[in-house]
Amino acid sequence: MIEKLKEIKVKALDETQKAADKKSLNDVKVKFLGKQGELTLILRGMRDVSPEERPKVGAFVNEVRSAIEEEIGKKEKAFDEEELAKALASEKVDITEPSKFIQRGAIHAVPMITDKLIDICVDMGFTVVDGPEVETDYYNFEAMNIPKNHPSRDMQDSFYISENILLRTQTSAVQSRELESRKPPFKIISPGKTYRNDSDATHSPVFHQCEGLVVDENVSMADLKIMLSEMMRRLYGEGTKVRFRPSFFPFTEPSIEVDVSCPNCHGDGCKTCKGTGFLEILGAGVVNPRVLEIAGIDSKKYTGFAFGMGIERTSMVLNSIPDLRTMYKNDVRFLNQLR
Ligand code: PHE
């Protein structure tokens, strides 16, 4: 039996030496030391060894086992070290190497114009407020003096969620909410997303507006015109001409539409402004007394004015962008040119 053990030892050590990788080393381990391994199997023969010989043979079995284990252990360690050395070499980082060019992002047209507007309006004493994008029919239409069967609802193709809930078609919905919850005097603006079922070069189903509302005693169209002229001058630049045209909105009376001189040709007429020298940029007017009354505000004592402008539209006019959709492609080269 001793002979047999010696033979196993020699064989095991030899095969350990020859193992070329971790996998074959493990095979050797299983082959000799595993549950069905050669060393384990030979132990069954201990039954036939005489009782006097048994301690000696037993001790030798342990010696052989430790020798094999030790050898395999050493080899395992060598493999691990080799692997680590390889990883260290291949994953080496040269911290002295110059960094690769990282393209920086650009501020998008929407937050850029929104921030400009907020700056201008906060300067003029406005408070910025927010309103829900999923809105009730009441705040979006009804409280804005647009009753259920009013023809003006045709002007806006709405995304309805249920009979009385829709994605707001105008930030004017915030007007209804603020009129209901605030006590005059107040001045608010509310920039945010709006939704209409419309999609072409100048319309997107999701777009942004900024609403403005002032309510106080003795507020008039004259105040609105002065304030808008100043706002447009700050937004579009010194020397911008502002033009007011009569218009109609159910929630303002009288209503106006505001044009600014074309930033591309400064009023001379070009392709951008279709030769007119002006571009339409926002709707506004004196708050319809009906709207104040619906919100429970005394329209004898208080008057107000409101305006609403498209944010994308403002950027398109300011930068002479012919197609709104380029704005959503997020090409940094394009965005970097916007002002
Ligand atoms: N809500 C109007 C629109 O979306 C704009 C507007 C706002 C007009 C406030 C007048 C006063 O077209």
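Coordinates for the structure precede this section.
Here's what I pulled together on the structure shown here. In every chain, residue numbers begin from 1 and rise along the written sequence. For a predicted model such as this one, the threshold for reporting local features is a pLDDT of at least 70, and the threshold for listing and counting side-chain atom pairs is 80 or more; totals across whole chains, interfaces and linings nevertheless cover every residue. Values reported for side chains reflect all heavy atoms of the structure, with hydrogen atoms and water molecules removed beforehand.

Here the focus is the overall build of the protein. What the protein contains, in helices and strands, is eleven helices and nine strands. The C-alpha radius of gyration computed for the protein amounts to 41 Å, which surpasses the reference 20 Å derived for 339 residues by more than 25%, pointing to a less compact arrangement than a globule. The principal-axis extent of the C-alpha atoms belonging to the protein is close to 120 × 45 × 35 Å. Residues counted as buried form 43% of the 339 residues belonging to the protein. Residue contacts follow a heavy-atom distance rule, with two residues in contact if any of their heavy atoms lie within 4.5 Å. Pairs at least 24 apart in sequence give 66% of the contacts found in the protein among residues at least 6 apart. Surface accessibility follows the Shrake-Rupley procedure with a 1.4 Å probe radius. Residue values consider only the protein chains on display as shielding. Of the accessible surface of the protein, which amounts to about 19,100 Å², a share of 53% is contributed by carbon and sulfur atoms. In the protein, 48 side chains carry a positive charge and 53 a negative one; their mean positions are 3 Å apart. Put simply, DSSP H or I for four residues or longer makes a helix, DSSP E for two residues or longer makes a strand, and each gets a number counted from the N terminus. For a compact globule the rule gives 2.2 Å times the number of residues to the power 0.38, and the radius of gyration it is set against comes from C-alpha atoms. When a residue's accessible area, from a 1.4 Å probe over protein chains only, is under 20% of the maximum for its type it is buried; when over 50% it is exposed; and in between it is partly exposed. For the purpose of charge, His is not counted, nor are the chain termini; Lys and Arg are scored as positive and Asp and Glu as negative. The atoms used to mark charge sites are NZ of Lys, CZ of Arg, CG of Asp and CD of Glu.

In the contact formed by helix 2 (residues 22-33) and helix 4 (residues 54-90), the axes pass within 10 Å of each other and the chain directions differ by 165 degrees. One finds that helix 2 runs roughly antiparallel with respect to helix 4. The handedness of the crossing between helix 2 and helix 4 is left-handed. For the pair helix 2 and helix 4, the contacting residues are Lys22, Leu25, Val28, Lys29 and Leu33 in the first and Arg65, Ile68, Glu69, Ile72, Lys75, Glu76, Phe79, Asp80 and Glu83 in the second. Residues are sorted three ways: Asp, Glu, Lys and Arg are charged, Ala, Val, Leu, Ile, Met, Phe, Trp, Tyr, Cys and Pro are nonpolar, and all the rest, Gly among them, are polar. When the residues that make up the contact of helix 2 with helix 4 are grouped by side-chain class, the tally is six nonpolar, no polar and eight charged. Axis lines are fitted through C-alpha atoms, for helices just across the contact stretch, and the angle between N-to-C directions can take any value from 0 to 180 degrees. Our angle categories are set so that under 35 degrees counts as roughly parallel, over 145 as roughly antiparallel, 65 to 115 as roughly perpendicular, and the remainder as oblique. Take the far helix as your reference; a near helix turned counterclockwise from it by less than a right angle gives a left-handed crossing, and one turned clockwise gives a right-handed crossing.

Between its first and last C-alpha atoms helix 1 (residues 2-18) spans 24 Å; for 17 residues at 1.5 Å apiece the expected length is 24 Å, and the two agree. Listed as buried for helix 1 are Leu5, Ile8, Ala12 and Thr16. Considered in projection along helix 1, the buried side chains sweep an arc of 60 degrees and stay on one side of the axis. Along helix 1, the residues that are exposed and aim more than 90 degrees away from the buried face are Glu3, Val10 and Lys18. In the core, the buried residues of helix 1 are packed alongside helix 2, helix 3 (38-43) and helix 4. A helix is expected to span 1.5 Å for every residue after the first. Directions are taken from the helix axis to each C-beta atom, and the arc is the one they span.

For the rest of this paragraph, the subject is the pairing of strand 7 (residues 252-261). In terms of burial, strand 7 is largely enclosed, as eight of its ten residues are buried. Here, a strand pair is defined by DSSP locating no fewer than two bridges between the strands. In this structure, strand 6 (residues 242-249) lies alongside strand 7, joined through seven bridges in antiparallel fashion. Note on strand 7: the bridge partner recorded for Phe244 is Val258. The loop that links strand 6 with its antiparallel partner strand 7 comprises two residues. In this structure, strand 7 lies alongside strand 8 (residues 278-287), joined through eight bridges in antiparallel fashion. Residue pairing in the sheet places Asp259 in a bridge with Glu280 of strand 8.

Moving on, we come to the pairing of strand 9 (residues 303-310). Remark: a regular strand shows side chains that alternate across the two faces of the sheet. Burial within strand 9 is extensive, with six of its eight residues counted as buried. Sheet topology note: the strand 5 (residues 206-216)/strand 9 ladder contains eight bridges and is antiparallel. Its bridge partner being in strand 9, Gly212 is matched across the sheet by Phe307. Both strand 8 and strand 9 contribute to a ladder of five bridges, which runs antiparallel. Along strand 9, the bridge assignment pairs Leu282 with Met309.

So, about the site of the ligand. A cutoff of 4 Å decides nearness: a residue is near a molecule or strand if any of its heavy atoms lies inside that distance of it. Neighbouring residues of the ligand: 14 residues in total, closest Gln170, Ser172, Arg196, Gln209 and Glu211. Two N or O atoms count as a polar contact when they lie within 3.5 Å, although within protein this holds only if one can serve as hydrogen donor and the other as acceptor, and sequence-adjacent residues are included solely when both atoms are side-chain atoms. Residue Arg196 places a side-chain N or O atom 2.9 Å away from an oxygen atom belonging to the ligand. Expressed as a share of its isolated accessible area of 330 Å², the protein-covered part of the ligand is 90%. Counting residues per element, the shell around the ligand draws most heavily on strand 9, at three residues.

Before going further, it helps to spend a moment on the sheet that holds strand 6. One open sheet holds the seven strands; their spatial order is 1-4-5-9-8-7-6, and the pairing between them is mixed. The outermost strands of the open sheet, each flanked by one partner alone, are strand 1 (127-128) and strand 6. Helix-sheet contacts for helix 8 (residues 221-236) involve strand 6, strand 7, strand 8 and strand 9, and the interaxial angle to strand 9 is about 30 degrees.

Here the focus is the side chain of Arg168. Residue position: Arg168 is located in the loop between strand 3 (165-167) and helix 7 (172-181). Every case where a carboxyl oxygen of Asp or Glu lies within 4 Å of a side-chain nitrogen of Lys or Arg is listed as a salt bridge. An unpaired buried charge is present at Arg168: no salt bridge exists, and Glu133, the closest side chain of opposite charge, is 4.8 Å distant.

Here the focus is the pattern of salt bridges. Counted under the stated rule, the structure contains 22 salt bridges. Across the pair Arg65 and Glu69 runs a salt bridge whose closest N-O atoms are separated by 3.7 Å. Note that Arg65 and Glu69 are positioned in helix 4 at a spacing of four residues, about one turn of the helix. Note on Arg65: relative accessible area 24%, which makes it partly exposed. With a closest N to O distance of 2.4 Å, Glu178 and Arg182 form a salt bridge. When its relative accessible area of 29% is taken as the criterion, Arg182 is described as partly exposed. Through salt bridges with shared partners, a single network forms among Asp123, Glu230, Arg233, Arg234 and Glu238.

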